[in-house]
Amino acid sequence: MSNYTVEIKPTNKPSILKFEFNEFLTKQKGYEYHNIEEAIKSPIASQLFYLPFVKTVYISQNFIAIEKFNIVEWEDVQDEVAEQLLKHLNEGGEIVKEEEAESTKKVPVTVYAESTPNPSVMKFVANKKLVLESAEFKTIDDADRSPLAQKLFHFPFVKEVFMDENYISINKYDMAEWDMITNELRGFIKDYIEEGGTILKTGSVSKEKSEESSSPKIDTSNLDDVSKEIVQILEEYVKPAVASDGGNIVFKSYNKESKDVEVILQGACSGCPSSTITLKNGIETMLKEMLQGKINNVVAFNG
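An unreviewed UniProt entry annotates the protein chain as NifU family protein of Psychroflexus longus. For the protein chain, the Sequence similarities (unreviewed entry) comment in UniProt is given as "Belongs to the NifU family."

So this is what it looks like as structure tokens:
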């Protein structure tokens with residue numbers, strides 16, 4: 001049985017609150033219900049409409065958003081709603097009763113290839129969310145939790161696989177040129193996603209295996225103030241930029257005495273010839289400017 005967890009997130013509309021989960025709720029599409037009659041095929045939405053303040057329920061890939069009537073404030077009821085959702089999901093309750101034909105049919109997906117600053121890495125981008133957490137696999141033995149990565153490693157030219165959000169970055173061996181293999185990989189990934197293949201398993205492998213392949217989770221509660229500021233800057237300013245290049249950056253440590261920052265590079269950033277220049281001229285310069293007198297050097301480790 002899945003072990004769902006939930007994060008409560010506000011939206012730009014005060015009446016709507018998002019309950020974001022650590023696993024996919026539906027792979028096919030999003031659903032929107034305005035009353036209990038419309039929600040007849042969604043047991044979880046039907047349950048929510050018994051709450052008098054629920055106006056609209058939206059079910060997407062990994063979240064449920066609820067629009068409320070103005071008879072209550074979210075801060076008074078959000079924890080109760082979150083508990084109700086978790087109870088339903090963790091007890092194996094259905095989310096949406098999809099018709100068998102609908103749930104098994106091929107869902108069209110667009111996948112395009114995009115070059116990265118690392119000449120050994122190509123980024124394959126889909127028009128839908130693929131995973132809920134980033135994961136990096138160096139060998140086929142590491143890929144227990146990703147059936148897609150395991151299949152990709154059967155291509156003799158695939159060296160490493162990194163996945164995050166809506167893309168998969170592939171690091172190749174020098175034995176092949178991208179213009180010879182890009183279409184083959186793009187077609188394989190597209191077909192695999194369209195056929196509903198599992199991309200990344202959750203809760204089905206050991207905790208150790210999961211932690212090895214996943215990006216390190218940063219617990220900021222035990223960090224000093226400077227470290228917290230560094231994490232915030234990396235998340236807000238640096239991560240979106242490196243993600244666009246098919247990579248990822250994770251905070252590792254900060255030394256108060258030497259004022260050195262250590263980070264981990266993943267995906268296309270790992271082993272990229274230009275990563276040193278980016279690190280020194282980009283990330284290090286930014287941190288020095290934003291945290292004046294608190295940063296001397298930024299040192300990177302490959303994931």
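A count of helices and strands for the protein chain gives eight helices and 13 strands. Buried residues in the protein chain amount to 43% of all 303 residues. Considering only intrachain contacts with a sequence separation of at least 6, the fraction spanning at least 24 residues in the protein chain is 61%. Entry remark: accessible area of the protein chain is about 15900 Å², with carbon and sulfur atoms responsible for 48%.

It is worth spelling out the nonpolar core at this point. Judged by nonpolar contacts, the single largest core of 30 residues is most densely connected at Leu152, Met163, Ile168, Ile170 and Leu185. Put simply, the parts of the chain that give this core at least two residues each are strand E7 (121–126), strand E8 (135–137), helix H4 (147–152), strand E9 (158–164), strand E10 (167–172) and helix H5 (178–194). If you tally residues by element for this core, the top one is H5, at six residues. Residues in contact with Leu152, not counting those within four places in the same chain, are Val158, Val161, Ile168, Ile170, Leu185, Phe188 and Ile189.

This next bit is on the environment of Val77. Its place among the elements puts Val77 in helix H2 (residues 74–90). Residues Val77 and Phe53, spaced 24 residues apart in sequence, show a C-alpha to C-alpha distance of 9.5 Å. Non-local contacts of Val77, meaning those with residues more than four positions away in its chain, are made with Phe53 and Val72.

Criteria and cut-off values
- Along each chain, residue indices are assigned from 1 in the same order as the chain's sequence is written.
- Note on the predicted model: pLDDT of at least 70 is required for a residue's local features to be given, and 80 or more for side-chain atom pairs to be given and counted; whole-chain, interface and lining totals, by contrast, use all residues.
- Just so you know, side-chain values use all the structure's heavy atoms and leave hydrogens and water out.
- UniProt positions are given in the numbering used here, feature names are shortened, and annotations may be inferred rather than shown by experiment.
- In this description a helix means any DSSP run of H or I spanning at least four residues, a strand means any run of E spanning at least two, and both kinds are numbered starting from the N terminus.
- Any residue under 20% of the maximum accessible area for its type is buried, any over 50% is exposed, and the rest in between are partly exposed; the area is computed with a 1.4 Å probe on protein chains only.
- Note on contacts: a residue pair is in contact if any heavy atoms of the two residues lie within 4.5 Å.
- Note that accessible areas follow from Shrake-Rupley with a 1.4 Å probe, and for residues the cover is restricted to the protein chains shown.
- To qualify as a nonpolar core, a set must consist of buried Ala, Val, Leu, Ile, Met, Phe, Trp, Tyr and Cys residues joined through side-chain atoms within 4.5 Å.

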